[in-house]
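Coordinate inspection notes
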Amino acid sequence: MKRYPTDGLIVVLTGAGISAESGLATFRGAGGLWEGHRVEDVATPEAFARNPALVQRFYNLRRAQLRDPAVRPNAAHRALARLEREWPGEVLVVTQNVDDLHERAGTRNLIHMHGELLRALCLACNDSMPWSEDLSPEAVCPSCGGKGGLRPDIVWFGEMPYRMDEIYDALTRCALFLSIGTSGQVYPAAGFVEVVRESGEAPTIEINLEPSATRSRFSEHRSGAAGELVPALVDELLAQAS
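Below is a summary of the structure that appears in this document.

Parameters at a glance
Residues numbered from 1 in each chain as written. Predicted model: local features only at pLDDT ≥ 70, side-chain atom pairs only at ≥ 80, totals over all residues. Heavy atoms only, no water. Pairing = 2+ DSSP bridges. Helix = DSSP H or I, 4+ residues; strand = E, 2+ residues; numbered from the N terminus. Axes fitted to C-alpha atoms, helices over the stretch in contact; angles between N-to-C directions. Salt bridge = Lys/Arg side-chain N within 4 Å of Asp/Glu carboxyl O. Buried < 20%, exposed > 50% of the residue type's maximum accessible area, 1.4 Å probe, protein only. Contact = heavy atoms within 4.5 Å. Expected span 1.5 Å × (residues − 1). Core = buried A, V, L, I, M, F, W, Y, C linked by side-chain atoms within 4.5 Å. Phe/Tyr/Trp six-rings, centres within 6.5 Å; stacked < 30°, edge-to-face > 60°. Lys NZ or Arg CZ within 6 Å of the ring centre and 35° of its normal.

This brings us to the sheet that holds strand β2 (residues 91-95). An order of β3-β2-β1-β7-β8-β9 is seen for the six strands of this open sheet, with the pairing classed as parallel. Each end of this open sheet is capped by a strand with a single partner; those strands are β3 (110-112) and β9 (220-223). Averaged over all neighbouring strand pairs, the angle between strand axes comes to 15°, with direction disregarded. Inspection of the sheet shows β2 paired to β3 by three bridges, in the parallel sense. The partner of V94 across the bridge, within β3, is I111.

Below, the structure is given as C-alpha cells:
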C-alpha cells in the first residue's frame, strides 16, 4: 500500500466526470450540453448581450436537470464529504462544476470556481443571490429592482474564475492534491497540478475514466469510475491517518 500524508491540507479538484455519474450531462462529447449549441452562442458575455433569451433557456434547462429527483449525489460526492468530516487536517474541494451535488452530499469547505447554477448575478448592482427557478430577460432583481439585468452567476468563457487567490494559496501549501473527473483541457484548473509540483513534494493523484491531457504531470493515476475509486481512496487515507 502506498503511503500518503496523515494530516495537513488536502485540495480536491472536481470536474464534470464526477457529476456525470449522477446523471448530469457533461459539456463535451456525444449528447453533451454543447451539442447543437456553439459556445459563442450560450456561454459568453457577448452571447448574453446579443440574445439573452437563448442564453437563459440554455441555463434554465440545466437548472431543470438539477430538479430531477433522479439526480442526486453519488458515492464519490459522499466520500469527499466524509473525508472532510473525518480527516485530521483541512479538506478544500475546488469544483469546476456549477451544480449543487457537493453541498447536498454534505461538503462545506467548497469553492465553485466557475460559479453556481442556482445563483443569479445582477449586472446593474453586481449582487449575487440564490435562484432556483427559471430566469427570463424580464426578471427583476430583488436587490436593486432593476429589470433585465439578471444572468446566471456562471463564469463564462473570457471571464475570470472566482476566488483564484484563495485557490492558489491552498495549492501552494497542500499536503496532497486530488483531481477527479477532469479533462485537463480547461485552464486555469488544468494548471493546478503544476502549481502543486512547483511548490513542494505533495503527492498528486488523478482519478478519471481516461488519462487527462495533464496525466503526465501527476505522480499517480487511477483509472475508473469516481463512484468506485474515490470511496476506496478515502478509505485508504483515513485508515493511514487513524
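Our focus in this paragraph is the pattern of salt bridges. Enumeration according to the criterion identifies twelve salt bridges in this entry. Between R104 and D100 there is a salt bridge whose closest N-O contact spans 3.2 Å. Here E166 ties to R163 by a salt bridge, and the two come within 3.0 Å at their closest N and O atoms. Owing to a relative accessible area of 42%, E166 belongs among the partly exposed residues under this scheme. In the salt-bridge network here, residues are joined through shared partners; they are K2, E220, R222 and E236.

One can find M113 in the loop between β3 and β4 (115-122). A relative accessible area of 0% places M113 in the buried class. For the pair M113 and I154, spaced 41 residues apart in sequence, the C-alpha to C-alpha distance is 9.1 Å. Filtering out sequence-adjacent residues up to four positions away, M113 remains in contact with L13, V94, T95, Q96, V155, P161, Y162, M164, I167, P188, A189 and F192.

Let us look at helix α4 (residues 52-67). Between its terminal C-alpha atoms α4 stretches 22 Å, which fits the 22 Å expected from 16 residues at 1.5 Å a residue. All buried positions along α4 are accounted for by V55, Q56, F58, Y59, N60, R62, R63 and L66. Considering only its buried residues, α4 is in contact with α2 (39-42), α3 (45-50), α6 (101-105), β4 and β6 (150-154).

With that out of the way, let us pick up the nonpolar core. I10, V12, L83, I180, V230 and L237 are the most contacted members of the largest nonpolar core, which totals 24 residues. Residue assignment for this core shows that the elements contributing at least two residues are β1 (10-14), α5 (75-86), β2, β7 (176-180), β8 (204-208) and α9 (226-241). When residues in this core are grouped by element, the largest group, seven residues, is from α9. If near-sequence neighbours (up to four positions away) are discounted, V12 is found in contact with L80, V91, L92, V93, V94, L178 and I180. L13, M164, L171 and V193 belong to the second largest nonpolar core, which has 20 residues in total.

Quick look at the packing of aromatic side chains now. This model, assessed by the stated rule, comprises five aromatic pairs. For the pair F58 and Y59, a centre-to-centre distance of 5.0 Å together with 85° between the ring planes defines the contact as edge-to-face. The two residues F58 and Y59 agree in class, both being buried. Plain terms: the ring middles of Y168 and F192 are 5.9 Å apart, the flat faces sit at 80° to each other, and that makes the pair edge-to-face. One end of the pair, Y168, is in helix α7 (residues 164-173); the other, F192, is in helix α8 (residues 192-199), and 24 residues separate them in sequence. Taking relative accessible area as the criterion, Y168 reaches 32% and is therefore assigned partly exposed. Through pairs of rings, three or more aromatic residues link up here, namely F48, F58, Y59 and W156. Over the ring of W156 we find R151; its NZ or CZ atom is 3.7 Å from the centre of that ring.

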